Structure formats: structure tokens, C-alpha cells
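# Secondary and tertiary structure notes
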Amino acid sequence: MKYATKILHNGNEVDKYTGALNIPIYQTSTFRQIDVDNPPEFDYSRSGNPTRAALENTMAILEGGTNAYAFSSGMAAISSVLSLLKPKEHIIASQDLYGGTYRALTRHFANYNIEYTFVDTTNISKIEEAIKPNTRMLYLETPSNPLLKITDLKICAELAKRHNIITAVDNTFMSPYLQRPLELGIDISIHSATKFIGGHSDVIGGIVVVKDTNLAKKIYFIQNTLGAVLNPQDSWLLLRGLKTLKVRMDAEVEGAKFLASNLLKYDFVKKVYYPGLEEHEGYKIHKNQAYGPGAVLSIETKDVEAAKKIMNGVKLLLVAVSLGGVESILSYPAKMSHASLPRNEKEKLGIKDSLLRISVGLEDPEDIMADIFNAANS
Ligand SMILES: *Cc1c(COP(=O)(O)O)cnc(C)c1O
């Protein structure tokens, strides 16, 4: 079965209790037990809920895994994965990491004596150098945020296996439609479902997918123990969002390609970061491991004033944090997604004050282009 069909027909789309063509929102905290010796499939909604289960099973199939778990946010999903680590264990993570993940490692998990090293994971020898006897996890983001750097997932998975290290990838920027890390040998794929999976900027959620039943048991234990589960309403919204994942992403990728290839024509743009451009450093690796370049690009404007002018002048693009919605969103990484990074860290990573990130929505790309041009020249 081709992927587009699998999104809609994967065995989880029809409610098995009523035949409803949409999984009902099972808005219940608990379930009646008829035979105490034989507990039912669902007994309490933190431990399991039919609406959430439909979403989890769908995500497992779409990501090429065996099990998936839905959380109350992307950060809840990420924190739950990081909770696999024990005190005195070490994690190696991508250098330009989502700001919230950086904060979780440096200011929360550090309190539990989890050691961390940030490395430029586009350079495999840098990862190898960072491996210590207590290294237990390699945590990657590709394309990275906000500079869209590309890490070779297959090579990382092989390296990690040789050292008995678990690999986890934040796959938010790609969605399962455009990249499936588990197929490349990665152990854990994570999503902020708030972005492309929900797709309509109306829900906060997170997903963890694994393909190993032992690891699945551990993640389920953490999900049920820490309890940061996704509620039935939001599980339903994500199931609904998933149905149009392919058509949304196809159109948004086209829009992003159009913007990426045309923005450089203007003198207010100094650099375009987009893995769909042949001149992008990671172009070849990305093309090999993903099914498309995605809908997010970043631009470096000629100076801070130009960046501010665009942010203050756009009328269609919405200045906001987040990405992956049907509406195009313009964000300012230095002050928004990466605000929790210290200034010197930001400078080291190249997250300049003249950097803007665009998540391309479903508007006509020519209108988005004109909106940016008019704002820059206002
Ligand atoms: C938004 C985002 C997160 C955090 O997800 P929330 O749903 O906001 O908790 C993590 N990683 C990436 C790449 C993101 O874009």
C-alpha cells in the first residue's frame, strides 16, 4: 500500500465499537470492570484511552514503528524520552537544538546528574570524539532548528549501535510523511504534534514512536508513571489533522521551494537556509534520507533593521512562535524559539539577530513573497 493510502487506511480509522467513520472522543476518565479477574483493555484514561490509542496506533504505522505514545506536548514527549537516562549517564545532543530541549537538559535533567555534551552532529567524527563510557543516548534534530543543518541519520545509528547507545530523533520539522528515522536504524522518533501533525495551530501535543518492544515497555512505563498523557479531545484533533497530512505538506513544500529559490534575488536577503537548495551543505544527505525538503526555511537579512522591518511590516505572514500550521508563520529565533539559549551560545551557533524563520502555509506563495518584499521596502 502506498503511503498516501496508509494515512487514511491503516486499521485505526473506524471505531471498532460503533463503526463510526471517525474515532469518537471517548471523554471518560475511567471504565466499568465487569470481571475483576480479567481487566478490560481500558481501565483508566491515563493508562489508556480508545481515542488516544487510535492516534498512537496510527502514528506507529505511519512512522514505521511498533508502538507510539501520545503526550500532552512535544516537551512532555521529549522529557519522557530523556527520562530513560539515569543519574551519571551521559547524553550527546545536536548543537542547535530546539530551545526547550536545551533548557530541559541544562536546567532540569542536569539536576538529576544527567551529563550532556552538545556537538555539531553534522560532523560524525565530532560525535565519535564525544562518546564516553557512560554515554547512553544520542539525541538528534535534522533538519535542525533554526539553521536547517542536516545530520546523517543512518551513519549516526550505525555508530551508536557499535557503542550500545540509544538514538533519538526530533522529527518535528519533517513529519512522518517526509522522514522516517526508524527506517534508517534510529531507535526513537519524537514529534511535537503541535506542528505538522496537528497542522492547524489549534492543539498542543507530542508523540514518541519506537520499534523495539523492550524500549516500548520502558516508554509506556514512563508515560503512565509521569502521566503527561494527551487528552481524548486533542487526540481526536491530531487524528483529524493527520488525514490531510500529505496534501498539506505537498503544498507547503512547494511554497517553501518557491520562496527559497526566489528570496535571494532581493538585496535585503543575505542568505537562505533550506535543505531543498542544491547549494545547501546537507542537500545530498537530506535527499537520501528524507522524502522532501520540508516547509520551513530561514533567511538571514542584510542587517537587524531589515529583519525588524519585515517583522513589523508583514500583513499576511503571522508573527508568532510555532510552525507547521496552514497559515504562514514568521518567527524570530533569537527572541522566540531560542530565547532560552544564552547570548554567547546563540552567537556560537550562528543564530543571529538578523535571522528570520518562515513556516510556509497554504496561501499562494506569490502573495507570501510579495508580503515579505513589501514589508522590507516599506
Ligand atoms: C515546538 C517544538 C518542540 C516542542 O513542542 P511543544 O509541543 O511546543 O511542547 C520540540 N521540538 C521542535 C523541533 C519543535 O519545533
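Provided above is the structure to which this section pertains.
These lines cover the structure that appears in this document, whether it is placed above or below.

Thresholds applied
Residues numbered from 1 in each chain as written. Predicted model: local features only at pLDDT ≥ 70, side-chain atom pairs only at ≥ 80, totals over all residues. Heavy atoms only, no water. Helix = DSSP H or I, 4+ residues; strand = E, 2+ residues; numbered from the N terminus. Rg over C-alpha atoms; globule rule 2.2 N^0.38 Å. Buried < 20%, exposed > 50% of the residue type's maximum accessible area, 1.4 Å probe, protein only. Contact = heavy atoms within 4.5 Å. Areas by Shrake-Rupley, 256 points an atom, 1.4 Å probe, with all protein chains shown as cover. Pairing = 2+ DSSP bridges. Axes fitted to C-alpha atoms, helices over the stretch in contact; angles between N-to-C directions. Near = heavy atom within 4 Å. Polar contact = N/O pair within 3.5 Å; in protein donor to acceptor, adjacent residues only side chain to side chain. Nonpolar A, V, L, I, M, F, W, Y, C, P; charged D, E, K, R; others polar. Salt bridge = Lys/Arg side-chain N within 4 Å of Asp/Glu carboxyl O. 1 Å grid on protein atoms, 1.4 Å probe; cavity = no way out; pocket = protein on both sides within 12 Å on 5 of 7 lines; lining within 4 Å. Points joined across faces, edges and corners; volume = space filled by probe spheres on them.

Counting secondary structure elements, the chain contains 14 helices and twelve strands. For a compact globule of 378 residues, the expected C-alpha radius of gyration is about 21 Å, and the chain comes in at 21 Å, within 12% of that figure. The principal-axis extent of the C-alpha atoms belonging to the chain is close to 70 × 50 × 35 Å. Per-residue burial for the chain yields a buried fraction of 55% across its 378 residues. The long-range fraction of contacts in the chain, counting pairs at least 24 apart against all pairs at least 6 apart in sequence, stands at 71%. Carbon and sulfur atoms provide 51% of the accessible area of the chain, an area that totals close to 16700 Å².

Here we take up the sheet that holds strand S6 (residues 188–192). Ordered in space as S1-S7-S6-S5-S4-S2-S3, the seven strands form an open sheet in which the pairing is mixed. The strands lining the two open edges of the sheet, one partner per strand, are strand S1 (67–71) and strand S3 (115–119). Adjacent strand axes in the sheet meet at a mean angle of 20 degrees when their direction is disregarded. With respect to the sheet, helix H2 (residues 50–63) is in contact with S1, S6 and strand S7 (206–210), its orientation differing from that of S1 by roughly 130 degrees. In the packing of helix H3 (residues 74–82) onto the sheet, contacts are made with S1, strand S2 (90–94), strand S4 (135–141), strand S5 (166–170), S6 and S7, and the angle to S6 comes to roughly 155 degrees.

Contacts to the ligand come from 13 residues, most closely from Gly74, Met75, Asp170, Thr194 and Lys195. One of the side-chain N or O atoms of Lys195 is found 2.7 Å from an oxygen atom in the ligand. Here the ligand has 380 Å² of accessible area as a free molecule, and 92% of this is covered by the chains. The biggest single contributor to the shell around the ligand is H3, with three residues. Considering only residue class, the shell around the ligand consists of five nonpolar, six polar and two charged.

A word on the pattern of salt bridges. Enumeration over the complete set of coordinates arrives at 13 salt bridges. The partner of Lys161 in a salt bridge is Asp187, with the nearest N and O atoms 4.0 Å apart. With Lys161 in helix H6 (residues 153–162) and Asp187 in the loop between helix H7 (175–178) and S6, this pair connects stretches of sequence that are 26 residues apart. Residue Glu345 pairs with Lys348 through a salt bridge whose shortest N-O separation is 3.1 Å. A residue pair is termed a helical-turn pair when its members lie 3 or 4 positions apart in one helix, as Glu345 and Lys348 do in helix H13 (residues 343–349) at three residues. Assessed through its relative accessible area of 61%, Lys348 is described here as exposed.

Quick look at the layout of surface pockets now. Empty space within the largest pocket amounts to approximately 500 Å³. If you trace the largest pocket, you find 19 residues lining it, with Leu84, Arg136, Ile166, Leu215 and Lys218 closest to the centre. At the level of elements, S4 and helix H8 (213–226) are the ones that each hand at least two residues to the lining of the largest pocket. If you tally residues by element for the lining of the largest pocket, the top one is H8, at five residues. For the lining of the largest pocket, the per-class residue count stands at eight nonpolar, three polar and eight charged.

Glancing now at the sheet that holds strand S9 (residues 296–301). Strand order in the open sheet made by the five strands is S8-S9-S12-S11-S10, with mixed pairing throughout. Pairing within the sheet leaves two strands with one partner each, and these edge strands are strand S8 (269–273) and strand S10 (318–319). By the bridge criterion, four bridges tie S8 to S9 in an arrangement that is antiparallel. Looking at S9, one finds that Val269 is bridged to Thr301.

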